[in-house]
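Structural characterization, general
Listed below are the residues making up each chain.
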Amino acid sequence: MIMLEGAKATTETVDALRTGAAAMKAMQKATNIDDVDKTMDEINEQTENMKQIQEALSAPIGAAADYDEDELEAELEELESAELEEQLLQPATTAPAAPVHVPAGQRPIRPAQKQTAEEDELAALQAEMAL
């Protein structure tokens, strides 16, 4: 009884394989390698066309087409360095002036006078350097 069941299973398996092989043959007749190559060439051609269209659409138009990106980058760099230089040359107004220690009983050597802008700047620089 077991041998009959095994033989029946084997026969069904072989029949299924034959049916699968026949289906594959029918599919291969409908599609050959030349058709596949032709289809892939058409897809590649359309992909290349789309790339060209996208490049054309991404190109600057009007006034934007007249600007050179390298020149704009160089100008931006120049402006940033000029701004940084200007900031570095300005005196620091936020730093407190350095305290002057005068021993008790002594007076400052020079009398208090109104300081000039250069003296204010010098005092600010000295205060920064003391930190």
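Only a predicted model underlies this, so the values are computations on that prediction, with no experimental measurement involved.

1. Description of the overall build of the protein chain
When its secondary structure is counted, the protein chain shows 4 helices and 0 strands. Written out in order from the N terminus, the α and β elements of the protein chain read α-α-α-α. Taking all 131 residues of the protein chain together, 2% fall into the buried category. Accessible surface, the protein chain: about 12700 Å² in total, of which carbon and sulfur atoms supply 58%.

2. Focus: the pattern of salt bridges
Across all of its chains, the model carries 1 salt bridge by this definition. Here Arg18 makes a salt bridge to Asp15, at a shortest N to O gap of 3.5 Å. Of this pair, Arg18 and Asp15 both sit in helix H1 (residues 2-30), 3 residues apart, which is roughly one turn of the helix. The exposure class of Asp15 is partly exposed, given its relative accessible area of 37%.

3. A word on a negative patch on the surface
A cluster of acidic residues, Asp68, Glu69, Asp70, Glu71, Glu73, Glu75, Glu77, Glu78, Glu80, Glu83, Glu85 and Glu86, forms a negative patch on the protein surface. Take Glu85: it is sitting in helix H3 (residues 69-89).

4. A word on a nonpolar patch on the surface
Taken together, the side chains of Ile33, Val36, Met40 and Ile43 present a nonpolar region at the surface, about 360 Å² in accessible area. Its place among the elements puts Ile33 in helix H2 (residues 33-58).

5. Some details on H2
Compared with the 38 Å implied by 1.5 Å per residue over 26 residues, the 37 Å span of H2 between its first and last C-alpha is a close match. Two to three positions downstream of the cap, the backbone nitrogen of Asp34 sits 3.2 Å from a side-chain oxygen, assigning the N-cap of H2 to Asn32.

6. Brief notes about the confidence of the model for the protein chain
Predicted confidence across the protein chain gives a mean pLDDT of 83, with 79% of residues reaching 70 or more. The spread of mean pLDDT over the elements of the protein chain runs between helix H4 (residues 117-130), the lowest at 85, and H2, the highest at 93.

Definitions and limits used
Residues numbered from 1 in each chain as written. Predicted model: local features only at pLDDT ≥ 70, side-chain atom pairs only at ≥ 80, totals over all residues. Heavy atoms only, no water. Helix = DSSP H or I, 4+ residues; strand = E, 2+ residues; numbered from the N terminus. Buried < 20%, exposed > 50% of the residue type's maximum accessible area, 1.4 Å probe, protein only. Areas by Shrake-Rupley, 256 points an atom, 1.4 Å probe, with all protein chains shown as cover. Salt bridge = Lys/Arg side-chain N within 4 Å of Asp/Glu carboxyl O. Patch = residues over 30% accessible without salt bridge, like charges linked within 9 Å, V, L, I, M, F, W, Y side chains within 5 Å. Lys, Arg positive; Asp, Glu negative; His and termini not counted. Charge placed at Lys NZ, Arg CZ, Asp CG, Glu CD. Expected span 1.5 Å × (residues − 1). Polar contact = N/O pair within 3.5 Å; in protein donor to acceptor, adjacent residues only side chain to side chain. pLDDT = per-residue confidence, 0-100.

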